[in-house]
Protein chains: 4
Amino acid sequence: MKRITLVMNCPDQKGIIAEVTNFIHNNNGNIVYIDQYVDRVNSIFFMRVECEISEDSQSIEHFKSTFERTIGTQFQLKVEIYLNDEFPKMALFVSKYDHCLYDILARHQSGELAVHIPFILSNHLDLKSIAERFEIPFYHIPITNENKKKAEEKQLQILQEHGVDFIVLARYMQIISGKLIEHFKDKIINIHHSFLPAFPGAKPYHSAYERGVKIIGATSHYVTKELDAGPIIEQNTTHVSHLNSIDDFIAKGRDLERIVLSKALQLHVARKVMVYKNKTIVFS
Amino acid sequence: MKRITLVMNCPDQKGIIAEVTNFIHNNNGNIVYIDQYVDRVNSIFFMRVECEISEDSQSIEHFKSTFERTIGTQFQLKVEIYLNDEFPKMALFVSKYDHCLYDILARHQSGELAVHIPFILSNHLDLKSIAERFEIPFYHIPITNENKKKAEEKQLQILQEHGVDFIVLARYMQIISGKLIEHFKDKIINIHHSFLPAFPGAKPYHSAYERGVKIIGATSHYVTKELDAGPIIEQNTTHVSHLNSIDDFIAKGRDLERIVLSKALQLHVARKVMVYKNKTIVFS
Amino acid sequence: MKRITLVMNCPDQKGIIAEVTNFIHNNNGNIVYIDQYVDRVNSIFFMRVECEISEDSQSIEHFKSTFERTIGTQFQLKVEIYLNDEFPKMALFVSKYDHCLYDILARHQSGELAVHIPFILSNHLDLKSIAERFEIPFYHIPITNENKKKAEEKQLQILQEHGVDFIVLARYMQIISGKLIEHFKDKIINIHHSFLPAFPGAKPYHSAYERGVKIIGATSHYVTKELDAGPIIEQNTTHVSHLNSIDDFIAKGRDLERIVLSKALQLHVARKVMVYKNKTIVFS
Amino acid sequence: MKRITLVMNCPDQKGIIAEVTNFIHNNNGNIVYIDQYVDRVNSIFFMRVECEISEDSQSIEHFKSTFERTIGTQFQLKVEIYLNDEFPKMALFVSKYDHCLYDILARHQSGELAVHIPFILSNHLDLKSIAERFEIPFYHIPITNENKKKAEEKQLQILQEHGVDFIVLARYMQIISGKLIEHFKDKIINIHHSFLPAFPGAKPYHSAYERGVKIIGATSHYVTKELDAGPIIEQNTTHVSHLNSIDDFIAKGRDLERIVLSKALQLHVARKVMVYKNKTIVFS
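**Concerning the overall build of chain A**
Then comes step 1: In terms of regular secondary structure, chain A is built from 8 helices and 13 strands.
Then comes step 2: Computed over its C-alpha atoms, the radius of gyration of chain A comes to 21 Å, within 12% of the 19 Å expected for a compact globule of 284 residues.
Then comes step 3: Accessible area of chain A: about 11,600 Å², with a carbon and sulfur share of 48%.
Then comes step 4: In chain A, 33 positive and 34 negative side-chain charges are present, and the distance between their average locations comes to 4 Å.

**A few points about the sheet that holds strand β1 (residues 2–11) of chain C**
All names here are of chain C.
Then comes step 1: Read from one edge of the open sheet, 4 strands run β2-β3-β1-β4, paired in antiparallel fashion. Every interior strand has two partners, whereas the edge strands, β2 (29–39) and β4 (78–83), have only one. On average, each strand axis in the sheet is tilted by 15° relative to the strand beside it, whichever way the strands run.
Then comes step 2: By the bridge criterion, 10 bridges tie β1 to strand β3 (residues 44–53) in an arrangement that is antiparallel. Paired with Thr5 across the strands is Glu50, a residue of β3.

**Observations regarding the environment of Gln13 of chain B**
All names here are of chain B.
Then comes step 1: Here Gln13 lies in the loop between β1 (2–11) and α1 (16–26).
Then comes step 2: Considering only alpha carbons, one finds Gln13 and Phe75, 62 residues apart in sequence, at a separation of 8.0 Å.
Then comes step 3: Within polar-contact distance, the side chain of Gln13 engages the backbone oxygen of Pro11 at 2.5 Å.
Then comes step 4: Polar contacts involving the side chain of Gln13 include one to the main-chain carbonyl oxygen of Phe75, which spans 3.3 Å.

**Regarding the interface of chain A and chain D**
Then comes step 1: The interface is formed by 16 residues belonging to chain A together with 16 residues belonging to chain D.
Then comes step 2: Overall, the association of chain A and chain D removes approximately 1,600 Å² of surface from exposure, summing both partners, and the carbon and sulfur fraction of that is 50%.
Then comes step 3: Considering only the surface of chain A that becomes buried against chain D, Tyr102, Glu112 and Arg133 of chain A emerge as the three largest contributors, covering 30% of it.
Then comes step 4: With a closest N to O distance of 2.6 Å, Arg107 of chain A and Asp255 of chain D form a salt bridge.
Then comes step 5: For the pair chain A and chain D, the interface holds 11 residue pairs in polar contact (both at pLDDT 80 or more).
Then comes step 6: Among the elements of the structure, α3 (99–109) and α8 (246–269) of chain A are those that each provide at least two residues to the side of chain A that touches chain D.
Then comes step 7: In terms of residue class, the side of chain A that touches chain D is made up of 6 nonpolar, 3 polar and 7 charged.

**Remarks on the pairing of strand β8 (residues 166–169) of chain D**
All names here are of chain D.
Then comes step 1: Side chains of β8 alternate between two faces, with Phe166 and Val168 and Ile167 and Leu169 buried alike.
Then comes step 2: Pairing analysis gives 4 bridges linking strand β5 (residues 90–94) to β8, with the strands arranged parallel. Each bridged residue has a counterpart across the sheet, and for Phe93 the counterpart in β8 is Leu169.
Then comes step 3: Alignment of β8 against strand β9 (residues 188–192), held across 3 bridges, turns out to be parallel.

**Focus on the domain arrangement of chain A**
Residues and elements named next belong to chain A.
Then comes step 1: The domains assigned to chain A are domain 1 (2–83) and domain 2 (90–282).
Then comes step 2: Centre-to-centre separation of domain 1 and domain 2, based on C-alpha positions: 32 Å.
Then comes step 3: Facing the 12 residues of domain 1 at the interface are 7 residues of domain 2.
Then comes step 4: Of all residues in domain 1, the largest losses of buried area upon contact with domain 2 belong to Phe46, Arg48 and Tyr82, amounting jointly to 50% of the total for that side.
Then comes step 5: Where domain 1 meets domain 2, there are 0 salt bridges.
Then comes step 6: For the interface between domain 1 and domain 2, the tally reads 3 residue pairs in polar contact (both at pLDDT 80 or more).
Then comes step 7: Of all the elements in the fold, those that place two or more residues in the side of domain 1 that touches domain 2 are β1 (2–11), β2 (29–39) and β3 (44–53).

**Focus: the packing of aromatic side chains**
Then comes step 1: Applying the stated criterion across every chain yields a total of 42 aromatic pairs over all chains.
Then comes step 2: Plain terms: the ring middles of Phe46 of chain A and Tyr276 of chain A are 5.6 Å apart, the flat faces sit at 70° to each other, and that makes the pair edge-to-face. Of this pair, Phe46 of chain A sits in strand β3 while Tyr276 of chain A sits in strand β12 (residues 273–276), and the two are 230 residues apart along the sequence.
Then comes step 3: Considering the side-chain rings of Phe119 of chain B and Tyr139 of chain B, the 5.2 Å spacing of their centres and the 85° angle between planes classify their relative orientation as edge-to-face. Remark: Tyr139 of chain B occurs in strand β7 (residues 138–140) and Phe119 of chain B occurs in the loop between α3 (99–109) and β6 (120–122); sequence separation between them is 20 residues.
Then comes step 4: Using a relative accessible area of 25% as the deciding quantity, one classes Tyr139 of chain B as partly exposed.
Then comes step 5: Through a chain of ring-to-ring contacts, three or more aromatic side chains come together here, namely Tyr102 and Phe134 of chain A together with Tyr102 and Phe134 of chain D.
Then comes step 6: Its guanidinium or amino end placed over the ring of Tyr82 of chain B, Arg271 of chain B lies 3.6 Å from that ring's centre, counting from NZ or CZ.
Then comes step 7: Between Arg133 of chain C and the ring centre of Phe134 of chain B, over which it is positioned, the NZ or CZ distance is 4.7 Å.

**Remarks on the interface of chain B and chain D**
Then comes step 1: Between chain B and chain D, the contact holds 32 residues from the first and 32 residues from the second.
Then comes step 2: In total, chain B and chain D occlude about 2,600 Å² of area from one another, counting both sides; carbon and sulfur atoms represent 56% of this.
Then comes step 3: Together, Arg211, Lys214 and His242 of chain B form the three largest contributors to the area buried by chain B at its contact with chain D, with a combined 27%.
Then comes step 4: The interface formed by chain B and chain D contains 0 salt bridges.
Then comes step 5: If you list the elements that add at least two residues to the side of chain B that touches chain D, you get α7 (204–211), β11 (232–239) and β13 (279–282) of chain B.
Then comes step 6: Here the element with the most residues in the side of chain B that touches chain D is β11 of chain B; it accounts for 7 residues.
Then comes step 7: In the side of chain B that touches chain D, the residues fall into 17 nonpolar, 9 polar and 6 charged.

**Side note on the relation of the copies chain A and chain D**
Two copies of one chain are present, and they are related through a rotation about an axis combined with an axial shift.
Then comes step 1: Here chain A sits on chain D after a turn of 180° about the axis and a move of 0.0 Å along it, with an RMSD of 0.0 Å. The relationship between the two copies is best expressed as a two-fold rotation axis. Among all residues of chain A, the one whose C-alpha sits closest to the rotation axis is Arg133 of chain A, at a distance of 2.9 Å.
Then comes step 2: By residue overlap, the copies meet face to face through one surface: 100% of the interface positions of chain A are interface positions in chain D.

**Quick word on the confidence of the model for chain A**
Then comes step 1: Counting all residues, the mean pLDDT for chain A is 94, and 99% of those residues have values of 70 or more.
Then comes step 2: If you check the scores for this complex, the pTM reads 0.95 and the ipTM reads 0.94.

**Section: the pattern of salt bridges**
Residues and elements named next belong to chain D.
Then comes step 1: Evaluated as defined, the whole model comprises 64 salt bridges over all chains.
Then comes step 2: Taking the shortest distance from any N to any O, the salt bridge between Arg107 and Asp103 comes out at 2.8 Å. Of this pair, Arg107 and Asp103 both sit in helix α3 (residues 99–109), 4 residues apart, roughly one helical turn. In this pair, the class of Arg107 matches that of Asp103, namely buried.

**Focus on the sheet that holds strand β9 (residues 188–192) of chain C**
Residue and element names in this part refer to chain C.
Then comes step 1: An order of β7-β6-β5-β8-β9-β10-β11 is seen for the 7 strands of this open sheet, with the pairing classed as mixed. Because the sheet does not close on itself, it has two edges, and the strands there are β7 (138–140) and β11 (232–239). Within the sheet, the average angular offset between the axes of one strand and its neighbour, ignoring direction, is 15°.
Then comes step 2: In this sheet, strand β6 (residues 120–122) lies alongside strand β5 (residues 90–94) in parallel orientation, the contact comprising 3 bridges. Its bridge partner being in β6, Val94 is matched across the sheet by Ser122.

**Digging into the packing of α7 of chain B against helix α8 (residues 246–269) of chain B**
All names here are of chain B.
Then comes step 1: The geometry of α7 relative to α8 is characterised by a closest axis approach of 10 Å and an angle of 125° between their N-to-C directions. The pairing of α7 with α8 is recorded here as oblique in orientation. You can see that α7 and α8 cross each other, and the crossing is right-handed. Contact residues: Tyr205, His206, Ala208 and Tyr209 in α7; Ile246, Phe249, Ile250, Gly253, Arg254 and Glu257 in α8.
Then comes step 2: Broken down by class, the residue content of the contact of α7 with α8 amounts to 6 nonpolar, 2 polar and 2 charged.

Conventions we followed
- Residues numbered from 1 in each chain as written.
- Chains lettered and ligands numbered in written order.
- Predicted model: local features only at pLDDT ≥ 70, side-chain atom pairs only at ≥ 80, totals over all residues.
- Heavy atoms only, no water.
- Helix = DSSP H or I, 4+ residues; strand = E, 2+ residues; numbered from the N terminus.
- Rg over C-alpha atoms; globule rule 2.2 N^0.38 Å.
- Areas by Shrake-Rupley, 256 points an atom, 1.4 Å probe, with all protein chains shown as cover.
- Lys, Arg positive; Asp, Glu negative; His and termini not counted.
- Charge placed at Lys NZ, Arg CZ, Asp CG, Glu CD.
- Pairing = 2+ DSSP bridges.
- Axes fitted to C-alpha atoms, helices over the stretch in contact; angles between N-to-C directions.
- Polar contact = N/O pair within 3.5 Å; in protein donor to acceptor, adjacent residues only side chain to side chain.
- Contact = heavy atoms within 4.5 Å.
- Buried area = accessible area lost by both parts, 1.4 Å probe.
- Salt bridge = Lys/Arg side-chain N within 4 Å of Asp/Glu carboxyl O.
- Nonpolar A, V, L, I, M, F, W, Y, C, P; charged D, E, K, R; others polar.
- Buried < 20%, exposed > 50% of the residue type's maximum accessible area, 1.4 Å probe, protein only.
- Domains from an automatic or database assignment.
- Phe/Tyr/Trp six-rings, centres within 6.5 Å; stacked < 30°, edge-to-face > 60°.
- Lys NZ or Arg CZ within 6 Å of the ring centre and 35° of its normal.
- Least-squares fit on C-alpha atoms with pLDDT ≥ 70 in both.
- pLDDT = per-residue confidence, 0-100.
- Parallel < 35°, antiparallel > 145°, perpendicular 65-115°, else oblique.
- Left-handed = near helix turned anticlockwise from the far one by under 90°.

Here it is, written out as structure tokens:
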């Protein structure tokens with residue numbers, strides 16, 4: 001028995017759940033978990049199904065092609081099917097801050113984060129020793145105004161060579177080019193150190209301090225061409241007070257960033273996040 | 001069109017979701033929301049479905065009896081069906097504290113809480129004026145060691161006369177008799193002022209203060225014969241410090257009690273809570 | 001013995017704490033609680049002291065004038081002295097939403113909120129019956145483009161007749177005039193239904209829904225001439241998901257608004273909030 | 001200029017704040033931060049003062065001895081004085097779980113945690129490679145029923161050789177002997193994976209799951225002879241639901257344990273925690 005995850009969406013229509021569950025049942029699948037949502041404003045139906053199918057009688061490929069040929073066509077249903085025990089390849093982009101990197105690597109080591117990490121890529125050398133410590137290949141691609149385009153081509157080449165599935169910007173302090181975003185649509189996850197839409201852009205902790213807020217936050221989102229405006233996956237906040245300096249904001253924020261980013265990664269890896277019209281559906 | 005909610009459970013078996021969704025589809029129902037859960041330890045399947053059915057072609061009663069006769073029997077499925085626009089009747093038991101009472105009445109008035117409140121019942125007269133202010137009948141049934149049994153019979157009689165569906169103990173400071181609990185199994189909701197299982201019984205804030213905890217909590221649960229040990233519906237906590245006296249604990253706790261109890265009531269009223277083996281499944 | 005609260009600030013200088021505590025000690029005062037903060041960026045010293053002084057030997061007035069004449073002058077110290085058992089007069093401004101109003105009135109009744117409420121004022125008649133129910137005078141001052149100036153003069157007149165100390169805008173849906181703000185500088189408390197600085201102005205829940213945020217918030221702040229940009233007293237957030245409609249945002253937000261506004265009121269009433277350069281120092 | 005921290009307590013008496021602040025002022029100290037608390041039940045006064053003193057004119061030692069000889073004697077004041085730039089030595093005890101260890105080491109590397117870590121000690125070899133990766137000496141002291149007493153003597157010897165100031169049990173799965181507890185009174189910090197006093201002892205996540213709680217928690221406390229009953233430094237909780245298996249509880253709990261333990265360590269290292277009668281005063 002193999003466990004697979006189906007993630008699908010289509011225009012909302014009557015009887016869709018019955019049809020899909022029937023199909024799985026009739027193809028010897030056993031539904032283990034089902035989650036569904038209808039966006040009533042846009043009339044779109046979303047569903048995520050985990051089911052067990054027998055490996056022998058039915059290959060995943062055959063299951064998928066039958067699905068697509070029959071009810072896929074019938075309902076204009078876009079579906080993706082994943083084998084639960086196949087780990088996706090996650091590239092780690094970093095710059096100089098190490099707290100998110102350490103957190104991700106520790107979770108990866110302890111088995112909390114079900115991914116392969118083919119490499120760490122940075123525009124600086126500061127975190128190279130951490131990559132070595134965890135025995136993960138490290139690419140150093142410095143970025144200047146002059147070499148920016150070339151550097152991005154180099155990045156894309158490395159990503160493709162390694163067959164990377166998605167990218168994490170673990171406090172990577174460079175703006176990602178439109179080309180990379182197109183290649184990895186809804187597959188580049190960023191952590192921004194504010195509760196967006198407040199304080200987008202650079203130095204949000206400084207702006208938060210200046211405004212005298214009583215909470216600070218962190219936001220993990222998919223990267224789109226508009227800066228810090230992509231679909232939000234996860235957010236959280238924590239209380240601050242007049243006692244806290246900007247440095248305190250930064251220190252408290254580190255804990256938020258770690259928690260929010262790792263939560264977003266876990267949701268993405270479990271195929272629980274679906275993007276539609278710059279918003280996310282996040283199944284629990 | 002009428003909207004109805006089906007809440008069901010049965011031994012877990014293959015194809016059950018497909019069968020139920022098929023049934024609804026074939027009986028001209030349109031599924032609006034579906035939530036399902038399998039307790040793998042006990043092999044029990046739970047499902048909650050909201051669907052729209054046409055009022056004309058199909059009466060609710062007919063729908064229900066057909067459901068029970070066919071797949072109900074086939075899968076040993078226990079089902080309850082509710083009309084979403086029929087408000088349940090909720091009795092309010094109170095003693096001397098008014099904060100949960102005020103909170104519930106205000107939510108009721110503003111339409112947040114979709115129930116009828118046929119009466120408020122108390123063993124004291126302290127809150128009678130609030131009942132009058134909100135124009136809700138008030139029953140005063142004092143309880144002493146001598147009259148306890150008679151008082152409870154009186155309570156039961158009033159509850160039955162009013163056709164009460166469920167009871168809220170909004171800081172009602174009396175232990176409920178076994179007889180009442182049997183009549184209202186999984187239908188008496190209590191708010192206990194601690195994060196159970198810590199600090200059951202009387203004076204939990206005092207015990208929490210004594211222990212020097214850094215969080216206090218509140219727990220809403222269904223009442224069972226064992227004191228403060230029934231199935232938990234909702235819990236929450238808040239931070240306290242050495243600066244806080246017992247009175248501060250009590251004041252901070254009031255906010256927790258209000259929030260936790262009203263959340264539990266809303267979940268219960270929306271038929272989102274299912275009880276199994278002294279635990280709850282709470283759909284979101 | 002009377003308990004008094006001193007709230008003071010002055011340019012930061014060496015030995016200031018020693019001088020103030022000495023003064024109190026030498027004037028037969030016993031310090032019960034002291035909290036102090038130095039804003040190092042602006043070099044301003046803030047202190048809040050609660051102390052007991054003997055009623056007989058020393059009148060509050062004499063204590064105050066001596067304080068001001070001696071160390072007040074010496075350190076350019078601005079001080080306010082309050083008698084802890086004198087309740088401030090709080091005017092309640094509302095429009096159509098009742099949840100904050102109910103919450104405040106219930107807290108007031110139960111003794112949680114140590115204020116007098118001389119009246120409720122509204123530009124609509126919707127909440128008049130609640131005022132009557134709680135036996136609090138109700139002023140109805142409708143506001144139109146034509147009568148706006150006159151209406152505000154009327155408001156000011158009523159506020160002064162009643163000797164109001166501070167104003168709460170409990171979801172009052174009108175912009176306050178500059179004249180009123182000047183008369184009640186740092187004494188008008190608003191609740192805004194977003195985590196400012198995100199979503200200022202009208203319909204923040206709609207904007208939050210549109211943006212697809214995973215948290216919503218509420219902010220209580222002092223009113224200044226710039227809309228929703230005054231010194232923040234208290235903020236809080238709660239999680240939302242794709243399951244939540246705008247109506248759900250509004251319902252969840254109501255709980256936040258209640259909690260955040262009542263917390264801000266309690267801090268203000270306890271003289272724990274000090275304003276400096278559009279930010280607050282909030283002692284705990 | 002040197003910055004020092006004074007932590008003191010004594011029987012509560014009038015004028016004590018004035019005397020201490022005077023003393024510091026008269027000895028050329030400048031108070032930077034003051035926090036004070038009176039336990040009114042036990043009539044004990046607690047204070048923490050950070051101040052700058054000139055290095056030349058006055059040595060720390062002289063300051064301390066003068067303080068103790070004068071107001072120390074006068075008020076029966078117990079005082080400890082720390083140089084802020086002297087890092088304490090923190091021993092790390094671990095067993096098999098690596099998440100708290102990784103978290104502490106990452107915070108240490110990034111400068112968040114102002115301690116020296118002379119060594120990591122474990123009763124197992126599982127985490128040896130992490131110690132090596134971070135270049136920290138690792139002692140392996142297996143513990144059996146037979147060698148327990150000898151093993152503890154060995155531990156004590158290593159602790160004393162390294163001049164350790166305090167010990168962190170970062171999920172160390174052995175009960176600490178009374179002897180070690182006496183040597184390090186209020187200096188052994190444990191992380192327990194429940195919201196104490198609920199679920200003390202072994203397997204709290206299993207017990208929490210069994211009870212059907214809707215929140216799980218973590219507690220950091222000083223170790224005393226009674227298991228999981230020492231003074232609590234920090235606690236936190238997070239929500240769980242029926243969807244979460246015991247493994248999910250454990251995974252969610254790991255984040256709590258990391259956050260709660262690191263917060264407790266930071267408070268301890270900043271000398272902000274004072275213990276009195278099995279409770280803590282924690283300054284902010």
